[in-house]
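A closer look at the structure
So you can see what is in the structure, the chains are spelled out below.
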Amino acid sequence: MSSFRSFPTLLFCNFSLLLLLLGFCYGADPFVNYDWDVSYITASPLGVNQQVIAINGQFPGPTVNVTTNNNVIVNVRNNLDEPMLITWNGIQHRRNSWQDGVLGTNCPIPVGWNWTYQFQVKDQIGSFFYFPSLSFQRAAGGYGGIIVNNRAVVPLPFSKPDGEITIFIGDWYNSNHTTLKKTLDDGKDLGMPDGVLMNGKGPYRYNTTLVPVGIDYETINVDPGKTYRIRVHNVGISTSLNFRIQNHNLLLVETEGSHTMQQNYTNVDIHVGQSYSFLVTMDLNASSDYYIVASARFANETLWTRVTGVAILHYSNSKGPATGPLPDPPNDFYDKYFSMNQARSIRWNVSAPAARPNPQGSYKYGQINVTASYMLKNKPPMIINGTLRTTLNGISYSAPTTPLRLADQYKVQGIYTLDFPTRPLVGPPRIGTSVINGTYKGFMEVIFQNNDTTVQSYHMDGHAFFVVGMDFGDWTENSRGTYNKWDAVARSTTQVFPGAWTAVLVALDNVGVWNIRAENLDTWYLGQEVYIRIVNPEITNKTELPLPDNVLYCGALQDKQKDQNKSSSSSVIAGRVNMFTTMPLLFATIAIVL
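Residues numbered from 1 in each chain as written. Predicted model: local features only at pLDDT ≥ 70, side-chain atom pairs only at ≥ 80, totals over all residues. Heavy atoms only, no water.

Examining the overall build of the protein
Note the cut-off: Numbering of helices and strands runs from the N terminus; a helix is a DSSP stretch of H or I covering at least four residues, while a strand is a stretch of E covering at least two. For the exposure calls, accessible area comes from a 1.4 Å probe over protein chains only, and a residue counts as buried if that area is under 20% of its type's maximum, exposed if over 50%, partly exposed in between. We call two residues in contact when some of their heavy atoms are within 4.5 Å. Residue-level accessible areas treat just the shown protein chains as cover; the underlying method is Shrake-Rupley with a 1.4 Å probe.
Counting secondary structure elements, the protein contains 7 helices and 33 strands. Overall, the protein is about 90 × 65 × 50 Å in size when its C-alpha atoms are taken along their principal axes. Going through the 594 residues of the protein one by one, you find that 56% of them count as buried. Restricting the contact set of the protein to residue pairs at least 6 apart, pairs at least 24 apart contribute 78%. Counting only carbon and sulfur atoms, one obtains 53% of the accessible surface of the protein, whose full area is about 24,700 Å².

And the structure:
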């Protein structure tokens, strides 16, 4: 009898042991899997056939829809005709710069190969996007949305909307990305874009002269009386865009992972690389459809009229098409501070829940002592060593063939220098691979000084920074007296107006090598970027995950690369995740053994 009674106990113990082992293998948080085939398709968003980068045949690509703390597995097959990487704009990759998808940390995925990204969306909620980071490829598409949802224990600071809508806006050229890249290589300016796309489609024919017949346009279907969360991403090349919906208010609630003070806007300037969430209530009558507009900002409006994206907001009970002129854009002629004041009005909601069940404003950044200060000053493109280049502090970044983080891992010398200046260099500009030497757990002030004639957006990988100040003119030590040290919004991409400065504060709490770049593709491609190296002097895997099993090798480490078995996944973790499908077999085996 005692042996019979011990059988359930033994079964329970083995079952518990199995769950414990699985917990160690997978962690407590769920895995979400994606398989992507990245290839070219032929499309004609502005009426001209061209090569567009699609994911699983989709342009824009599929949405990564996950919940905070999920483990994300994305297996990418490169079916382009050139190497590529995918970067995850705004995803912080806690302890894991190996998955950042930029040349400072990753070797490119060769043509015909696959590579599996594996990262956790740790302690983040909000709206982000991904895109190909190499060779001007974002100008051909390859982008898509990332939605990081809240867990049930962390309520949103607003009622759950009736629906979700994602809108990608961005300037677009009819020339393919390789032609655009060659234009820059030849020392020429890209010139005016051919139009603005909304969700990969051209404008609705609101004007028979500006918009040719036969253009496919986007229609957003809604029901009267309902409220929708609309996530808007500027995925373009270099043009700041003003976003507005005819006769509708935009209630701003979130930007790049931070809940904002809820304010109504009739229009919002969205600069390259930025993401916003609005709540829009469909509270108008449906006598007709309504225009959704994204038009060029800070450009000659007479010449740039065609650089306007137009989609249609269609109520389910609409009685006719949208008519009349487009809603007016902002008029800055008498108010040069309009756009800057709008940016300053975007504040952090310090009482809203964060990704963890505590207020996001409980992080009192204004009480932290600054340990390092860098001014990153840009200038218009210039000729350096016979080629057109852009600079930060007089240095035009040149990407080495060996990724910086990989060089550190294998102690390869001579790949980069840790001598990036804290202030602009005095003397002739140069091309080099100079890196910022960051201090782990330091608190850094970064001042972006824009001496170019166009708006520049700057992004920092692996971190969110507090946008504490901006103004026209040159930054001085006295400018710190204007900083917002209480409720400045935390985000990963900020605009810097021409002839102006923007200051951010950032906690260097994420070990790795992280990219700081211009999001404007032309200035980024020509060298306006730098990396910051953050090292924990204590040797531990608690602050940085180890080298991934599927790491790619290139440059000085090329000899370590083995041929890939293209019929199987290149990720050990992805293989482990597939074990979930074999769990019944495991349980059956235990039962047999018992």
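Remarks on the sheet that holds strand 32 (residues 512-518)
Let me state the cut-off plainly: By definition, two strands form a pair when at least two bridges between them are found by DSSP. Each axis is a line fitted through C-alpha atoms, and for a helix only the stretch in contact is used; angles between axes span 0 to 180 degrees, taken between their N-to-C directions.
With mixed pairing, 5 strands are arranged side by side in an open sheet as 25-33-32-27-30. Of all strands in the sheet, those bounded by a partner on one side alone are strand 25 (436-439) and strand 30 (493-496). The sheet shows a mean angle of 25° between the axes of neighbouring strands, direction not considered. As paired strands, strand 32 and strand 33 (residues 529-535) are joined by 6 bridges and run antiparallel to one another. Pairing of Val 513 across the sheet is with Arg 533, part of strand 33.

Concerning the pattern of salt bridges
Where charged atoms of side chains with opposite charge meet at close range, the side chains can pair. Condition: Definition used for salt bridges: Asp or Glu carboxyl oxygen within 4 Å of a side-chain nitrogen of Lys or Arg.
One pass over the structure, following the stated rule, counts 20 salt bridges. Among the salt bridges present, the one from Asp 123 reaches Arg 356, with a minimum N-O distance of 3.6 Å. Taken together, the residues Asp 123 in the loop between strand 6 (114-120) and strand 7 (126-132) and Arg 356 in the loop between helix 3 (338-344) and strand 20 (372-378) connect sequence positions 233 residues apart. A salt bridge links Glu 218 to Lys 201; the nearest nitrogen and oxygen atoms lie 3.2 Å apart. In this pair, Glu 218 is assigned in the loop between strand 10 (195-198) and strand 11 (219-222) and Lys 201 in the loop between strand 10 and strand 11, connecting sequence segments 17 residues apart. One network of salt bridges, in which partners are shared, links Arg 138, Asp 461, Arg 517 and Glu 519.

Thoughts on the packing of aromatic side chains
What counts, and what does not: In summary, the pairing rule links any two rings of Phe, Tyr or Trp, Trp by its six-membered ring, whose centres are within 6.5 Å, and it sorts them by plane angle into stacked for under 30 degrees, edge-to-face for over 60 and tilted for everything else.
Considering all chains together, one arrives at 28 aromatic pairs under this definition. Pairing Phe 472 with Phe 497 gives two aromatic rings, centres 6.2 Å apart and planes at 45°, and the pair type is tilted. Of the two residues, Phe 472 sits in strand 28 (residues 465-472) while Phe 497 sits in the loop between strand 30 and strand 31 (500-507), which places them 25 residues apart along the sequence. Accessibility expressed as a relative area gives 30% for Phe 472, which makes it partly exposed.

Describing the confidence of the model for the protein
Definition in use: As a per-residue measure, pLDDT reflects the predictor's confidence and takes values from 0 up to 100.
When pLDDT is averaged across the protein, the result is 91; 90% of the residues are at 70 or more. Within the model, the stretch residues 1-26 combines pLDDT values under 50 with 17 contacts to residues more than four positions away or in other chains. Contacts of residues 567-594 to residues separated by more than four positions or lying in other chains number 38 contacts, the stretch itself having pLDDT below 50.

So, the state of the cysteines
Applied cut-off: Two cysteine sulfurs form what is called a disulfide whenever their separation falls within 2.5 Å.
If you walk through the whole model with that rule in mind, you get 1 disulfide. Each sulfur of the disulfide joining Cys 107 and Cys 554 lies 2.1 Å from the other. Torsion about the S-S bond of the Cys 107 and Cys 554 cystine: about -85°, corresponding to left-handed handedness. Placement of Cys 107 in the loop between strand 5 (86-89) and strand 6 and of Cys 554 in the loop between strand 33 and helix 6 (572-577) is noted, with a sequence separation of 447 residues between them.

Side note on the side chain of Thr 494
Positionally, Thr 494 belongs in strand 30. What Thr 494 contacts, discounting residues up to four positions off in sequence, is Gln 274, Phe 448, Gln 456, Ser 457, Tyr 458, Phe 465, Val 467, Met 470, Thr 502 and Val 504.

Some thoughts on the sheet that holds strand 28
The strands making up a sheet associate through backbone hydrogen bonding, with each pair oriented either parallel or antiparallel. Pairing in this open sheet of 5 strands is mixed, and the strands run 20-26-31-28-29 from one edge to the other. The sheet is open, and its two edges are formed by strand 20 and strand 29 (490-491), each paired on a single side. The sheet contact formed by strand 26 (residues 443-450) and strand 31 spans 8 bridges and is antiparallel. Its bridge partner lying in strand 31, Gln 449 is registered against Trp 501.

Looking at the environment of His 233
One can find His 233 in strand 12 (residues 227-234). On the basis of relative accessible area, His 233 is assigned to the buried category, the value being 1%. Residues His 233 and Gly 47, spaced 186 residues apart in sequence, show a C-alpha to C-alpha distance of 23 Å. Discounting residues that sit within four places of it in the chain, His 233 has contacts with Ser 127, Phe 128, Phe 129, Thr 166, Ile 167, Phe 168, Ile 169, Gln 274 and Ser 275.

Looking at the side chain of Ser 288
Along the chain, Ser 288 falls in the loop between strand 17 (275-281) and strand 18 (290-296). In this view, Ser 288 contacts Ser 318, Lys 319, Gly 320 and Pro 321; residues no more than four positions away in its chain are not counted.

Observations regarding unusual backbone geometry
A negative phi angle is the norm for most residues apart from glycine, just as the trans form is the norm for most peptide bonds. Omega for the peptide link from Phe 59 to Pro 60 comes to -5°, which places this bond in the cis form. Structurally, Pro 60 is set in the loop between strand 2 (50-55) and strand 3 (64-67). In this structure, Arg 95 takes a positive phi of about 65° despite not being glycine. Residue placement: Arg 95 occurs in the loop between strand 5 and strand 6.

Digging into the pairing of strand 9 (residues 163-172)
Buried residues dominate strand 9, accounting for 8 of its 10 residues. Two strands pair when backbone bridges link them, and strand 9 and strand 10 are joined in this way by 4 bridges, in the antiparallel orientation. Bridge pairing in strand 10 places Gly 170 opposite Leu 197.

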